[in-house]
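Descriptive structure summary
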Amino acid sequence: NKLKTRVSLAWMRLCLKQRPPQTQGIKRFLGYTMKYIDPKVFYYEFKDIFIEKVYHFYSEKVSPFILDCGSHIGMSILYFKRIYPEAKIIGFEPDPVSFKVLKKNIERNHLNNVQLINAALSATPGTLEFLSDGMDGSHLARLKHKTLSEKIKKCMVKSVRLVDYITESIDFLKIDIEGAEYEVLLDISAKLPLVKQVVIEYHTFEGMEPNLPKILDLLTQNGFKYFIYHSNAKSPFWLKANVRYCLLIYAYKS
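Figured I'd write up the structure that's included with this text. Per chain, residues are indexed from 1 in the order of the written sequence. Totals for whole chains, interfaces and linings use all residues, but because this is a predicted model, local features are given only for residues with pLDDT of at least 70 and pairs of side-chain atoms are given and counted only at 80 or more. The side-chain quantities take in all heavy atoms of the structure and omit both hydrogens and water.

A few words now on the overall build of the chain. Runs of H or I in DSSP of at least four residues are treated as helices and runs of E of at least two as strands, each being numbered from the N terminus. Each helix and strand counted, the chain has six helices and 13 strands in total. Counting contacts in the chain only where the partners sit at least 6 residues apart, residues at least 24 apart contribute 69% of the total. With residues, only the protein chains shown are counted as cover, and all accessible areas are computed by Shrake-Rupley using a 1.4 Å probe. Accessible area for the chain stands at about 13,400 Å²; split by element, carbon and sulfur atoms hold 53% of it. Every residue pair with non-hydrogen atoms within 4.5 Å of one another is taken to be in contact.

On to the pairing of strand E5 (residues 114-117). When DSSP finds at least two bridges between two strands, those strands are taken to pair. Both strand E4 (residues 88-92) and E5 contribute to a ladder of four bridges, which runs parallel. Bridge pairing in E5 places Ile90 opposite Gln115. A right-handed crossover is one whose linking path, passing over the helix from the first strand to the second, runs clockwise when the strands point away from the viewer. You can see the chain leave E4, run along helix H4 (residues 96-108) and come back into E5, and the turn it takes is right-handed.

What follows deals with the environment of Gln221. For Gln221, the location among the structural elements is in helix H6 (residues 212-221). Here the term buried applies to any residue with accessible area under 20% of the maximum for its type, exposed to any over 50%, and partly exposed to those in between, with areas from a 1.4 Å probe on protein chains only. For Gln221, a relative accessible area of 63% puts it in the exposed group.

Packing of helix H2 (residues 39-51) against helix H3 (residues 75-83) brings their axes to within 10 Å, and their N-to-C directions diverge by 30 degrees. When the axes of H2 and H3 are compared, the pair comes out roughly parallel. The handedness of the crossing between H2 and H3 comes out as right-handed. Residues Phe42, Glu45, Phe46, Ile49 and Phe50 of H2 pack against Met75, Ser76, Leu78, Tyr79 and Arg82 of H3. Ten residues, namely Ala, Val, Leu, Ile, Met, Phe, Trp, Tyr, Cys and Pro, are considered nonpolar, four, namely Asp, Glu, Lys and Arg, are considered charged, and the remaining ones, Gly among them, are considered polar. Taken together, the residues of the contact of H2 with H3 sort by class into seven nonpolar, one polar and two charged. Here an axis means a line fitted to C-alpha atoms, over the contact stretch when the element is a helix, while the angle between two N-to-C directions is reported on a 0 to 180 degree scale. Just so you know how the angles are binned, under 35 degrees is roughly parallel, over 145 roughly antiparallel, 65 to 115 roughly perpendicular, and the rest oblique. Helix crossings get a hand from a simple test, with the near helix turned counterclockwise from the far one by less than a right angle marking a left-handed crossing and a clockwise turn marking a right-handed one.

It is worth spelling out the pattern of salt bridges at this point. A side chain with one charge may pair with a side chain of the opposite charge, provided their charged atoms come close. The rule for a salt bridge is simple: a side-chain nitrogen of Lys or Arg has to be within 4 Å of a carboxyl oxygen of Asp or Glu. Per the stated rule, a full pass over the model turns up seven salt bridges. With a shortest N-O distance of 3.4 Å, Glu168 and Lys88 are connected by a salt bridge. Of the two residues, Glu168 is situated in the loop between strand E9 (153-160) and strand E10 (172-175) and Lys88 in strand E4; the sequence distance between them amounts to 80 residues. Across the pair Arg161 and Asp187 runs a salt bridge, and its minimum N-O distance is 2.9 Å. Separated by 26 residues along the polypeptide, Arg161 in the loop between E9 and E10 and Asp187 in helix H5 (residues 181-187) bring together distant segments of the chain. Among the charged side chains, a salt-bridge network with shared partners connects Lys61, Asp171 and Lys196.

Right, here's the structure in full:
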């Protein structure tokens, strides 16, 4: 099975590499049919989520309640529904291009009990300026790093507070919101007792204040144990001031 998986993954990578960047397409895998925006991003999301299982979690419930913050085109939601078909999921995605693809992917795979919110998460609801890169690194303009690509497009998006959606016990909270993680975690701190397990993709950009110590303190204060994972770092000393990187923080309550 492992050999078959490796061969299938290598074949998928070869097929997707032949397509130009930011070329939309349709891919069928594991019984799903999924539209993608960029072939390279699709490959790495599939590898990380379905093969490496970076968002896997255990629940005693048949229908766990999951908040998926930063759903992109829906790869994580498809995975959650694969391991827990009866799960109740709310997915948040601010990028207007990604959201259209996300909505279609949920519909074409007939996934039930999934609510999609086309909005950014922040502590200040309303409307915020957003920078879309057409791939998977779009983020709020006030979180931008110093250098911006010419491919970045500016737009205004709706913003909502995550705290308003935590009205009951949350079995799994996934946060991948490109630099806004501390702001949102601080805003929901009073509701963290309702959250059982969390995975946070912590981002840092050039010019951004590093908030990792604050995030870890906040988790500790609310009874979480945690560990940090970085798949690409062979040594921490390669991280220079202008390097954009992310860490995965897994937090749980024993």
